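Residue-level structural notes
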Amino acid sequence: MSKSIPVTIDCNTDSGWLSVAQARVRMCDSVKIIDGFERVAIRASLNRILAEDVISPINVPPYDNSAMDGYAVRSADLPKTGEATLKVSGQSFAGTPFEGSVKAGEVIRIMTGAKVPAETDTVIMQEQVKREGDNITITAIHQQGQNVRYIGEDIQQGGPALSSGKKVGPAEIGLLASLGIPEVTVKRKLRVAFFSTGDELRTVGEPLEDGQIYDSNRYTIFGMLSKLDVELIDMGVIPDDRSQIENAFTTASLADAVITSGGVSVGEADYVKETLDKLGEINFWKISMKPGKPLAFGKVNDAVFIGLPGNPVSVMATFYQFALPALRRMMGQQDIEPMVFKVPCKSMLKKRPGRTDFQRGILSRNENGELLVDGSGMQASHILSGMSRANCFIILPAESGNIEAGTLVDVQPFEGLI
Ligand code: AMP
Ligand code: MG
């Protein structure tokens with residue numbers, strides 16, 4: 001499964017930089033799907049990843065049934081021209097099927113979801129008949145087989161209903177229930193340890209001294225990981241201190257993955273590098289993206305290590321673009337491509353050629369209901385409020401310079417990213 005890709009040099013970048021796509025492929029190819037699964041009741045499987053294919057024990061629908069309130073008819077009785085008058089000889093309601101047989105010239109009063117009697121094959125909407133006493137009159141407008149939902153047309157007995165790697169959502173829970181399946185096998189939850197590094201960081205609740213800031217990355221990472229439904233191990237803030245960093249990594253390595261923020265830019269990373277050289281391995285990547293140039297990737301004992309940059313917006317951008325697909329791969333989730341589509345930009349977008357930009361944008365609709373996107377204000381990588389105002393990334397290719405208003409640009413909505 002591990003196919004390695006050659007490192008090619010991005011256009012307009014220095015040698016040794018990785019493009020966003022290259023870094024993502026490298027990371028995803030070098031992580032393994034975790035072993036371990038559990039049987040859970042279907043409600044408890046919400047947001048979990050199926051660990052095996054689900055084969056349907058029944059046909060869905062389990063019998064031919066009516067899509068309308070009306071009359072079940074033998075198609076041989078449908079008039080080719082003019083009209084036909086047929087006799088109502090019984091009824092089939094949802095949960096109370098008609099028992100008996102329908103003879104030539106007879107119809108059955110039928111309700112939506114009710115079983116279509118074996119001798120009939122067509123349903124006529126009640127609005128399209130003239131009823132007088134026990135007789136209905138129909139015209140020549142009907143097609144054989146109309147308004148019938150056929151046995152097994154949704155899912156066939158013995159056929160695949162859901163495949164391994166599928167994330168269970170509301171539709172999947174409903175589908176499992178519709179098959180009468182009370183429990184499923186899901187992947188065990190991925191364990192993810194995370195901490196922030198930096199002497200300047202304080203945690204909410206603590207007073208701020210001069211030169212200190214509050215640690216926000218652990219909160220955004222908490223938020224993003226929570227949506228991913230993994231087991232969280234929040235290890236707090238670790239100061240830039242050799243032994244504390246080593247202790248933190250040793251403890252964190254009991255998880256499947258360790259995510260840190262800060263301390264991966266050149267000069268800053270000495271203790272992280274020393275520790276991981278000893279406990280595992282570390283590679284420092286320069287990624288041709290903005291925000292989020294520096295990224296560290298490696299192993300701590302048996303755990304995957306992802307070292308995100310320190311700036312709050314860089315953390316979110318690199319989490320979404322790299323950590324998220326890698327964690328999903330580890331969780332055994334089927335590949336899912338985040339939605340990206342083209343939308344005209346409302347005003348000029350500033351950009352320097354060189355790196356792929358993940359600008360923060362606001363996607364909205366104009367008075368004609370057409371989508372357009374605008375920047376969310378200051379684009380520097382410490383402006384977390386811009387990330388909060390935004391509802392999408394505007395992805396601008398590495399080589400492009402300023403983008404004129406009205407140009408079609410790639411947009412990746414935040415909603416649905418996780
Ligand atoms: P670093 O990569 O450690 O040099 O950090 C880059 C920038 O991000 C610096 O301005 C740090 O103060 C800031 N930073 C690092 N970690 C955090 C954090 N957990 N919360 C908020 N800002 C941070
Ligand atoms: Mg730091």
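Cut-offs used in this document
Residues numbered from 1 in each chain as written. Chains lettered and ligands numbered in written order. Predicted model: local features only at pLDDT ≥ 70, side-chain atom pairs only at ≥ 80, totals over all residues. Heavy atoms only, no water. Near = heavy atom within 4 Å. Polar contact = N/O pair within 3.5 Å; in protein donor to acceptor, adjacent residues only side chain to side chain. Areas by Shrake-Rupley, 256 points an atom, 1.4 Å probe, with all protein chains shown as cover. Buried < 20%, exposed > 50% of the residue type's maximum accessible area, 1.4 Å probe, protein only. Helix = DSSP H or I, 4+ residues; strand = E, 2+ residues; numbered from the N terminus. Arc of directions from axis to C-beta. Contact = heavy atoms within 4.5 Å. Core = buried A, V, L, I, M, F, W, Y, C linked by side-chain atoms within 4.5 Å.

This part covers the site of ligand 1. Residues in close proximity to ligand 1 total 15 residues, the closest being E200, D215, S216, G263 and E268. S216 places a polar main-chain atom, nitrogen or oxygen, 3.0 Å from a nitrogen atom of ligand 1. The backbone of G310 places a nitrogen or oxygen atom 3.2 Å from an oxygen atom of ligand 1. For ligand 1, whose free accessible area comes to 480 Å², the fraction covered by protein is 79%.

Buried within helix α4 (residues 242-252) are the following residues: I245, A248, F249 and A252. Looking down the long axis of α4, one finds its buried residues gathered within 95° of arc, a one-sided arrangement. Buried residues along α4 sit in contact with β13 (191-197), β16 (231-238), β17 (257-261), α5 (270-279), β20 (294-300) and β21 (303-308).

With respect to the element layout, V300 can be found in strand β20. The exposure class of V300 is buried, given its relative accessible area of 0%. Those residues within four positions of V300 in sequence are excluded, and the remaining contacts are F249, S253, V258, L276, L279 and F305.

Ranked by size, the top nonpolar core spans 46 residues in total, and within it L225, I259, I306, F319, Y320, L327 and F393 carry the most contacts. When residues of this core are traced back to their parent elements, those giving at least two are α1 (20-30), β13, α3 (217-228), β17, β20, β21, α6 (312-331) and β25 (392-396). Looking at this core element by element, the count peaks at 13 residues for α6. Leave out the neighbours within four places in its chain, and L225 touches V192, F194, V230, L232, I259, F319 and L327.

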